[in-house]
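Listed below, chain by chain, are the residues.
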2 protein chains.
Amino acid sequence: MTRIAVDAMGGDFAPGEIVKGAVWAAQDYNVPIELVGQIDKIQEVLDEIAKKGIRSNRGGYFVKNIKVDLSKLDIKLTQADEIIEMGEAPGVAIRKKKKSSIVLAVDAVAKGSSDAVVAAGSTGAAMASSLFGLGRLKGIERPAIAATLPTKKEPVILIDAGANSACSPEMLMQFATMGATFAKSVYNRETPRIGVLNIGEEEEKGNQLVKDTHKLLKENKIGLKFIGNIEGKELFQGDVDVVVCDGFVGNVALKTIEGCSMMLFKLIQQEFKQDILSKIVGLLAKPFMKRIYKRINYEEFGGALLLGVKGITVISHGRSSSYAIKNAVRVAKEAVESGVNKKIAELIN
Amino acid sequence: MTRIAVDAMGGDFAPGEIVKGAVWAAQDYNVPIELVGQIDKIQEVLDEIAKKGIRSNRGGYFVKNIKVDLSKLDIKLTQADEIIEMGEAPGVAIRKKKKSSIVLAVDAVAKGSSDAVVAAGSTGAAMASSLFGLGRLKGIERPAIAATLPTKKEPVILIDAGANSACSPEMLMQFATMGATFAKSVYNRETPRIGVLNIGEEEEKGNQLVKDTHKLLKENKIGLKFIGNIEGKELFQGDVDVVVCDGFVGNVALKTIEGCSMMLFKLIQQEFKQDILSKIVGLLAKPFMKRIYKRINYEEFGGALLLGVKGITVISHGRSSSYAIKNAVRVAKEAVESGVNKKIAELIN
């Protein structure tokens, strides 16, 4: 049965929210978990859960109070003495801190005690430890981050969302292949439509990288359904399944979307706090706003998948609440069960 | 007195919305205008305005009915036989169509009959005709597009928002200088704070271009206030006045913001159409939503400024309504009166 290793010490609200999210997932999705970190601190959170259940006030609107019977859950604890902090240089840190929670969580997958990792700490450390601890899939030049974004219709996959700042057209071609396999095996898109993130629809638009990538994708003989260039504003139309870009552009886009959505919700909150009348209307509108927030909130998607390594690593937002971690564990489980890696390897080779 | 030339034939709703917007600005801001395009078609719109006033149902929420006394306005008409279409290659088009409305509108500035151009047609054609018709400011390597974006506080300037897909660190340094001068002279920011759009706060983050730009800006000796890297999500905090990036990244960010905002408003509209109750709450919430929409709607900012050419060119959105054009004329007027170009030339040399 699929077991998910969770770096209990990574993330702004670790270990509390992380442990709660993992336990919540263990109960809701009936999935065994392996919590990796300082066991005494993890145990404190587990004791709190046993007494009070899971009460999460992170993630803005979602406040829950969930009863948990820990004795019915399959939870393994693995001690990790060290923690990699957000500011540390990833490459150096994973070599120096061999007993850190992220390195040992990845190690659990490498050794086979778990099948996937969920990590909400330093993205760089999660990537570096996955790359070195699990290794690249055969034929893959560089792993990439696949992020899931909300649209007017079904979610879209943006790849690379931040793993590689400098890319070649061949790398972007591989990202397209990995993204399409992910869209097909996890999101059940029959023939995923692939676009290149660009600044215009025309073939000759953009920088050299996207022009060359456009050419490669157009001529592909491995059955990828390429639909052409996608502009930033079309990302949200839901008319494309996978959008390919270099990790710099992808990360800017991803964070811009996050910032833009949060600003809009902030402005809405402010408007509904002006006077008595606005407060009343705000209260009436709240359930509707909640539903929209839920639809666009990154916590719903749990985290982004690092594709191209021999294993599954889900990279969650640093500010992940228990709700986000719960969803991240679900994503990890689905990715393992879909056999996405095996399918990528088949398509690439 | 400052006169603004308007390409009456450029934009999805030309000439109707363009002419209406220009006339509206002439009346509201007491500014002389020069309408460049097919005079018979422009005259038709003017006749309609004389009879019915300006009624604009573009721009979503804004429906106005404004009385206009054309006899009191200073409106010059200049015939242009040709139109450059959206799909045409800009460099070729401006050479081939010497009698096109955008080329002649820029020409009006070059010859001194107007002081600035407003253009809502092909961005490429507006840039190319400005570059060739007006020339670069002395010392400027490449002109750049400065777009104004809403934030939680005061607007921020994003430069380059799409003029140059491939940039050098020296170009980005010049963009910073131009952006800061714009922020100071048009938006009255005493000492504009400058950031580099990047994928992390740390100095060593990002691709080679932003790393090198970071270094140049840090060591600048022309008094630019550099505050470091800015992530996409921080764009909206209002804690920076000018954000510098290459035109590819900037254009992706700009269009992503547009798409994201529009998706959210679409989702809100959908939520408020579910049943009778949601429709009632939607009606109550409408004035609040209108205010937010007004605050983030790109039409409020009128258009982006092409900086670095000997003249002022305001590039408006292709979907500009009369309301957007009215604001674009205001931006053009303010830019001329602020002497932004003279100040850029001084700072660069």
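Placed above this text is the structure.
Calculation notes
- Residues numbered from 1 in each chain as written.
- Chains lettered and ligands numbered in written order.
- Predicted model: local features only at pLDDT ≥ 70, side-chain atom pairs only at ≥ 80, totals over all residues.
- Heavy atoms only, no water.
- Least-squares fit on C-alpha atoms with pLDDT ≥ 70 in both.
- Contact = heavy atoms within 4.5 Å.
- Pairing = 2+ DSSP bridges.
- Helix = DSSP H or I, 4+ residues; strand = E, 2+ residues; numbered from the N terminus.
- Axes fitted to C-alpha atoms, helices over the stretch in contact; angles between N-to-C directions.
- Polar contact = N/O pair within 3.5 Å; in protein donor to acceptor, adjacent residues only side chain to side chain.
- Buried < 20%, exposed > 50% of the residue type's maximum accessible area, 1.4 Å probe, protein only.
- Arc of directions from axis to C-beta.
- Buried area = accessible area lost by both parts, 1.4 Å probe.
- Salt bridge = Lys/Arg side-chain N within 4 Å of Asp/Glu carboxyl O.
- Patch = residues over 30% accessible without salt bridge, like charges linked within 9 Å, V, L, I, M, F, W, Y side chains within 5 Å.
- Areas by Shrake-Rupley, 256 points an atom, 1.4 Å probe, with all protein chains shown as cover.
- Phe/Tyr/Trp six-rings, centres within 6.5 Å; stacked < 30°, edge-to-face > 60°.
- Lys NZ or Arg CZ within 6 Å of the ring centre and 35° of its normal.
- Parallel < 35°, antiparallel > 145°, perpendicular 65-115°, else oblique.
- Left-handed = near helix turned anticlockwise from the far one by under 90°.

1. Regarding the relation of the copies chain B and chain A
- Note on the identical chains: chain B maps onto chain A by a rotation of 180° and an axial translation of 0.0 Å, with an RMSD of 0.1 Å. Taken together, the turn and the small shift mark the pair as related by a two-fold rotation axis.
- When the interface residues of chain B are mapped onto chain A, 98% of them again lie at the interface, so the same face is used by both copies.

2. Re the sheet that holds strand β10 (residues 225-230) of chain A
All names here are of chain A.
- Strand order in the open sheet formed by 11 strands is β5-β2-β1-β6-β13-β12-β7-β8-β11-β9-β10, with mixed pairing between adjacent strands. Single-partner strands in this sheet number two, and they are β5 (75-79) and β10. Taking each pair of neighbouring strands and ignoring which way they run, the sheet shows an average axis angle of 25°.
- As defined by bridge partners, strand β7 (residues 144-149) adjoins strand β8 (residues 156-159) across 4 bridges and the pair is classed as antiparallel. Bridging from a neighbouring strand, L149 pairs with V156 of β8.

3. Details of the side chain of A:K97
Residue and element names in this part refer to chain A.
- In this fold, K97 is placed in the loop between α3 (90-96) and α4 (101-111).
- Here the side chain of K97 touches E88 through a polar contact of 2.7 Å, side chain to side chain.
- Apart from residues lying up to four places away in sequence, K97 is in contact with E82, I83, I84, E85, E88 and V103.

4. Focus on helix α7 (residues 208-218) of chain A
- Burial in α7(A) covers these residues: A:L209, A:V210, A:T213, A:H214 and A:L217. In a view along the axis of α7(A), the buried residues occupy a sector of 135°, so they form one face of it. For α7(A), the exposed residues set more than 90 degrees away from the buried face come down to A:Q208, A:K215 and A:K218.
- In this fold, the buried residues of α7(A) make contact with α6 (169-185), β9 (193-197) and β10 of chain A together with α8 (247-271) of chain B.

5. A few points about the interface of chain B and chain A
- If you look at the interface, chain B gives 47 residues, while chain A gives 47 residues.
- Across the chain B/chain A interface, buried area totals approximately 4500 Å², and carbon plus sulfur atoms make up 78% of it.
- Taken together, the connections running from chain B to chain A amount to 4 salt bridges.
- Where the side of chain B that touches chain A is concerned, the elements lending two or more residues are α8 and α9 (276-296) of chain B.

6. Remarks on a nonpolar patch on the surface
- On the surface, A:I276, A:I280, A:L284, B:I276, B:I280 and B:L284 cluster together into a nonpolar patch covering about 590 Å² of accessible area.
- When contributions to the nonpolar patch are tallied by element, the ones reaching two or more residues are α9 (276-296) of chain A together with α9 of chain B.
- Mapping B:I280 onto the fold places it in helix α9.
- Residue B:I280 is classed as partly exposed on the basis of its relative accessible area of 46%.

7. Thoughts on the packing of aromatic side chains
- Per the stated rule, a full pass over the model turns up 8 aromatic pairs over all chains.
- When the ring centre of A:F132 is taken as reference, the NZ or CZ atom of A:R95 above it lies at 5.1 Å.

8. A closer look at the sheet that holds strand β7 (residues 144-149) of chain B
Residues and elements named next belong to chain B.
- Across the sheet, 11 strands lie side by side as β5-β2-β1-β6-β13-β12-β7-β8-β11-β9-β10; this open sheet has mixed pairing. The open sheet is flanked by β5 (75-79) and β10 (225-230), the only strands paired with a single partner. Neighbouring strand axes in the sheet, compared pairwise and without regard to direction, differ in orientation by 25° on average.
- As defined by bridge partners, strand β9 (residues 193-197) adjoins strand β11 (residues 242-244) across 3 bridges and the pair is classed as parallel. Looking at β11, one finds that V196 is bridged to V244.

9. Some points on the pattern of salt bridges
Residue and element names in this part refer to chain B.
- Across all of its chains, the model carries 32 salt bridges over all chains by this definition.
- Notably, a salt bridge pairs D28 with K326, separated by 3.4 Å at the nearest N-O pair. Placement of D28 in helix α1 (residues 16-28) and of K326 in helix α10 (residues 322-338) is noted, with a sequence separation of 298 residues between them.
- The residue K97 makes a salt bridge to E88 at a minimum N-O spacing of 2.7 Å.
- Exposure remark for E88: the relative accessible area of 21% places this residue in the partly exposed category.

10. Description of unusual backbone geometry
Residues and elements named next belong to chain A.
- With an omega of -5°, the peptide bond running from A14 to P15 counts as cis.
- Take P15: it is sitting in the loop between β1 (4-7) and α1 (16-28).
- In this model, N30 sits at a positive phi of 55°, which is unusual for a non-glycine residue.
- Inspection of the secondary structure assignment puts N30 in the loop between α1 and β2 (33-37).
- Owing to a relative accessible area of 55%, N30 belongs among the exposed residues under this scheme.

11. Comments concerning the packing of α9(A) against α9(B)
- Contact geometry of α9(A) with α9(B) gives a least axis separation of 9 Å together with a crossing angle of 120°. Between α9(A) and α9(B), the angle is such that the two are oblique. In the packing of α9(A) onto α9(B), the handedness of the crossing is left-handed. Packed against α9(A), whose contacting residues are A:S278, A:V281, A:L284, A:A285, A:F288 and A:M289, the element α9(B) presents B:S278, B:V281, B:L284, B:A285, B:F288 and B:M289 at the interface.

12. As for the pairing of strand β8 (residues 156-159) of chain B
Residue and element names in this part refer to chain B.
- Along β8, one buried face is formed by V156 and L158 and the opposite face, lined by I157 and I159, is buried too.
- Here β7 folds back onto β8 in antiparallel fashion, the turn holding 6 residues.
- In this sheet, β11 lies alongside β8 in parallel orientation, the contact comprising 3 bridges. Counted as the bridge partner of I159 is V244 from β11.

13. Some remarks on the pairing of β1(A)
Residue and element names in this part refer to chain A.
- Neither face of β1 is open: one carries I4 and V6, the other A5 and D7, and all of them are buried.
- One ladder, built from 3 bridges, connects β1 with strand β6 (residues 116-119); its direction is parallel. If you follow I4 over to β6, its bridge partner there is A116.
- In this structure, β1 lies alongside β2, joined through 4 bridges in parallel fashion.

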